[in-house]
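# Structural overview for review
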Amino acid sequence: MIKGSDLLVAALEHEGVDRIFGVPGEENLDVVESLRNSKIELVLTRHEQAAAFMAATHGRLTGKPGVCIATLGPGALNFSTGAAYAHLGAMPIVMITGQKAIMSSRQARFQIVDVIASMKPLTKLSRQIVSAASIPTLVRDAFRVAMEERPGPVHLELPEDIAGEKVANVPMVPLHPIEIPVAHREALDRAAEMILRAERPLIMLGAAASRPRSTSGLAGFVRRTGIPFFTTQMGKGTVPGGTNLYMGTAALSERDYVHDAIDRADLIIAIGHDTIEKPPFIMGPHGPQVIHVSYTPANVEQVYFPDAEVVGDVGPSLELLADRVEGKLRKAGALLSLREGILSRIADRAKENRWPPTPQRLVHDVRQVIPSDGIVALDNGMYKIWFARNYRTFVANTLLLDNALATMGAGLPSAMMAAMLYPNRRVMAVCGDGGFMMNSQEMETAVRLRLNLVVLILDDGAYGMIRWKQAVDAFPDFGLTFGNPDFVKYAESYGAKGARVEAMEDLVPTLEAAFKSGGVHLIAVPIDYSENTRVLVEELRSRMPTAS
């Protein structure tokens, strides 16, 4: 005979799980005891939201679901933002929550919330386990559903009496590979014909192109066709940004410098675009034709309605598409003449020695200390637009930003997960003061786990993005400023090392010293956001949309 909780942990081990993140409660104690006797590490966080962010980032970086655990009621509900983060961001994650006994009700309705119902809109699957004997099957199904396209969160609720229930040992469900078919021959032929007819083709790489399984085939397609490319915010790094075919990143929906190429294109090959991202360009009746290439059919939206679709396993499908057009595209590089002008305008003032520093200079200096395989995890704020526009990536998933739910508070936990997975690579979290304080308690977790991590805090004493939007819309400056703790002392109180940068020439040496010494470092730097209005409003507003 075996307890339900032992079956659960055995099923997780069978799936290859090595860590579970979370804050257990009374209803999880059987599971905690089973974990104590297993090979799985329980990573205790200081808030359930951070545990979900970490598990989601595990899924994003590995393609395999991260796992997190919480108790019933308030603990489970604290997973909801993390569930939405994974759902919109297409990150595989399995969330396990506890519940009161379902065979009796000795505590009546105390702490009882219908978590299954609350999770259904935020997950691909939300189920209560009502029999210990069913655990291996339900866990296998949960992992399968979480990983299959489109990836996302799955929720399992394990009541405490089912966790403690003794049943005959149930065998694990065998794992089996699930292959995604390649695109249909007729779809490939149709797309090839459109590419061959194009006078000014352009490739766009979107969020789904950054899946670990898909990045290998993308560079080959770009190289074999010679068509220039740009990326969405979440598509950065899928093809090395150092190539001479890179045209930029669409951090805004229109009128930015990269839109000089987008607006002139007569065909956009949108690889892995997910309309959950803020639109990288706005389709209209007189715009370019669009070919949608992805694992799943396009979601037709007011701003995105492709003319053709190539649906299937992206890497192999692109190889077949390249076979049809390679060597036949005389006008593949028609838009490359715009490249130098686009990239030079984006890099404008990147070395300006102003204090406090501009976003352009901060991005430039961060790039200097991060090697090509180093990882920068962004929280959500005004700086995200600047990093998306200005930060060049050379390896997939080395700039972790959220352009789907775009929640604050995820930057630090996301960076912590990256540091756990890749202890020999430089990892930095870049957070605004507002977003950092939403999960700043996880500094203790990072120190306890002995991570090597640098946290860069951009200190403007406000919810800067909303304050900027308030000014752009001509509202009075009201209600969005706050005070901050002494960030150096705050870091030191957790056992981390803290520093405040007081001069522009000190930023790079301070960051370098932090990385070289190891451990957890918090570095605070003020930021001058006046460039938001000068560049992103006044300069771009003066640009008329380019004629096709």
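Residues numbered from 1 in each chain as written. Predicted model: local features only at pLDDT ≥ 70, side-chain atom pairs only at ≥ 80, totals over all residues. Heavy atoms only, no water.

### Points about the overall build of the chain
- When its secondary structure is counted, the chain shows 22 helices and 20 strands.
- The C-alpha atoms of the chain give a radius of gyration of 24 Å, which matches the 24 Å a tight globule of 548 residues would have.
- Its C-alpha atoms put the chain at 70 × 60 × 45 Å along the principal axes.
- When the 548 residues of the chain are sorted by exposure, 57% land in the buried category.
- Restricting to contacts in the chain with at least 6 residues of sequence separation, those with at least 24 account for 76%.
- When the accessible area of the chain is evaluated, it comes to approximately 21600 Å², of which 52% is carbon and sulfur surface.
- Taking the average location of the 56 positive side-chain charges in the chain and that of its 61 negative ones, the two points are 3 Å from each other. (Helix = DSSP H or I, 4+ residues; strand = E, 2+ residues; numbered from the N terminus. Rg over C-alpha atoms; globule rule 2.2 N^0.38 Å. Buried < 20%, exposed > 50% of the residue type's maximum accessible area, 1.4 Å probe, protein only. Contact = heavy atoms within 4.5 Å. Areas by Shrake-Rupley, 256 points an atom, 1.4 Å probe, with all protein chains shown as cover. Lys, Arg positive; Asp, Glu negative; His and termini not counted. Charge placed at Lys NZ, Arg CZ, Asp CG, Glu CD.)

### A few points about the sheet that holds strand β9 (residues 201–205)
- Ordered in space as β11-β10-β9-β12-β13-β14, the six strands form an open sheet in which the pairing is parallel. Both outer strands of the open sheet, β11 (246–249) and β14 (308–311), are each paired with one neighbouring strand and no more. Adjacent strand axes in the sheet meet at a mean angle of 20° when their direction is disregarded.
- Note: β9 against strand β10 (residues 229–231), three bridges, orientation parallel. Residue pairing for β10: L205 is matched across the bridge by T231. (Pairing = 2+ DSSP bridges. Axes fitted to C-alpha atoms, helices over the stretch in contact; angles between N-to-C directions.)

### Describing the packing of helix α3 (residues 48–62) against helix α5 (residues 80–89)
- At a minimum axis distance of 8 Å, the contact between α3 and α5 shows a crossing angle of 20°. Taken together, the axes of α3 and α5 are roughly parallel relative to one another. Helix-helix and strand crossings are classified by hand; for α3 and α5 the assignment is right-handed. Residues Q49, A52, F53, A56, T57 and R60 of α3 pack against T81, G82, Y85 and A86 of α5.
- Of the residues assigned to the contact of α3 with α5, the class counts are five nonpolar, four polar and one charged. (Parallel < 35°, antiparallel > 145°, perpendicular 65-115°, else oblique. Left-handed = near helix turned anticlockwise from the far one by under 90°. Nonpolar A, V, L, I, M, F, W, Y, C, P; charged D, E, K, R; others polar.)

### Considering the pattern of salt bridges
- Per the stated rule, a full pass over the model turns up 30 salt bridges.
- Where R144 meets D141, a salt bridge forms, and the shortest distance between an N and an O atom there is 2.5 Å. With R144 and D141 both in helix α7 (residues 135–147) and three residues apart, the pair spans about one turn of that helix.
- Via salt bridges that share partners, R345, R349, E352, R354, D528, E531, R534 and E539 belong to a single interconnected network. (Salt bridge = Lys/Arg side-chain N within 4 Å of Asp/Glu carboxyl O.)

### Quick word on the sheet that holds strand β16 (residues 399–400)
- Spatial ordering of the open sheet is given by β16-β15-β17-β18-β20-β19, a layout of six strands whose pairing is parallel. The open sheet is flanked by β16 and β19 (497–500), the only strands paired with a single partner.
- With two bridges joining them, strand β15 (residues 375–378) and β16 adopt parallel strand pairing. Each bridged residue has a counterpart across the sheet, and for A377 the counterpart in β16 is L400.
- Relative to the sheet, helix α16 (residues 411–421) contacts β15, β16, β17 (427–432) and β18 (453–459), its axis offset from that of β17 by approximately 180°.

### Digging into helix α12 (residues 314–325)
- The end-to-end C-alpha distance of α12, which contains twelve residues, comes to 17 Å, matching closely the 16 Å that a straight helix rising 1.5 Å per residue would cover.
- Residues V314, G315, S317, L318, L321, A322 and V325 constitute the buried set of α12. Axial view of α12: buried residues confined to an arc of 160°, hence all on one face.
- Following α12 by one or two positions, G327 adopts a phi angle in the positive range, close to 80°. (Expected span 1.5 Å × (residues − 1). Arc of directions from axis to C-beta.)

### What to know about the environment of E27
- Structurally, E27 is set in the loop between β2 (19–23) and α2 (29–36).
- Distance from E27 to T97, taken between C-alpha atoms, is 8.5 Å for residues 70 residues apart in sequence.
- Side chain to side chain, E27 and T71 meet in a polar contact 2.6 Å long. (Polar contact = N/O pair within 3.5 Å; in protein donor to acceptor, adjacent residues only side chain to side chain.)

### Describing the side chain of Q49
- Locating Q49 in the fold gives a position in helix α3.
- Leave out the neighbours within four places in its chain, and Q49 touches N78, T81 and N439.

### Concerning the packing of aromatic side chains
- Enumeration according to the criterion identifies seven aromatic pairs in this entry.
- Centroid distance F436 to F487: 6.0 Å. Interplanar angle 70°. Geometry classified as edge-to-face. Of the two residues, F436 sits in helix α17 (residues 433–438) while F487 sits in helix α20 (residues 487–493), which places them 51 residues apart along the sequence. The pair F436 / F487 is uniform in exposure class, with both members buried.
- An aromatic cluster is present here, built from F436, F487, Y490 and Y494 joined pairwise through their rings.
- Lying across the ring of Y422, R425 places its NZ or CZ 4.3 Å from the centre. (Phe/Tyr/Trp six-rings, centres within 6.5 Å; stacked < 30°, edge-to-face > 60°. Lys NZ or Arg CZ within 6 Å of the ring centre and 35° of its normal.)

### Here's the deal with a nonpolar patch on the surface
- A contiguous nonpolar patch, built from I102, M103 and V130 and spanning about 290 Å² of accessible area, is present on the exposed surface.
- Within the secondary structure layout, I102 lies in the loop between β5 (93–99) and α6 (115–119).
- Residue class for I102 comes out partly exposed when judged on its relative accessible area of 34%. (Patch = residues over 30% accessible without salt bridge, like charges linked within 9 Å, V, L, I, M, F, W, Y side chains within 5 Å.)

### Details of the nonpolar core
- Within the largest apolar cluster, 61 residues are counted, with the highest numbers of intra-cluster contacts made by F387, M428 and L456.
- Among the elements that take part in this core, helix α15 (residues 382–390) stands out by supplying six residues, more than any other.
- When neighbours within four sequence positions are excluded, L456 is seen to be in contact with V366, M428, A429, V430, C431, L507, L511, I523 and V525. (Core = buried A, V, L, I, M, F, W, Y, C linked by side-chain atoms within 4.5 Å.)

Shape is all these values report; function is a separate question.
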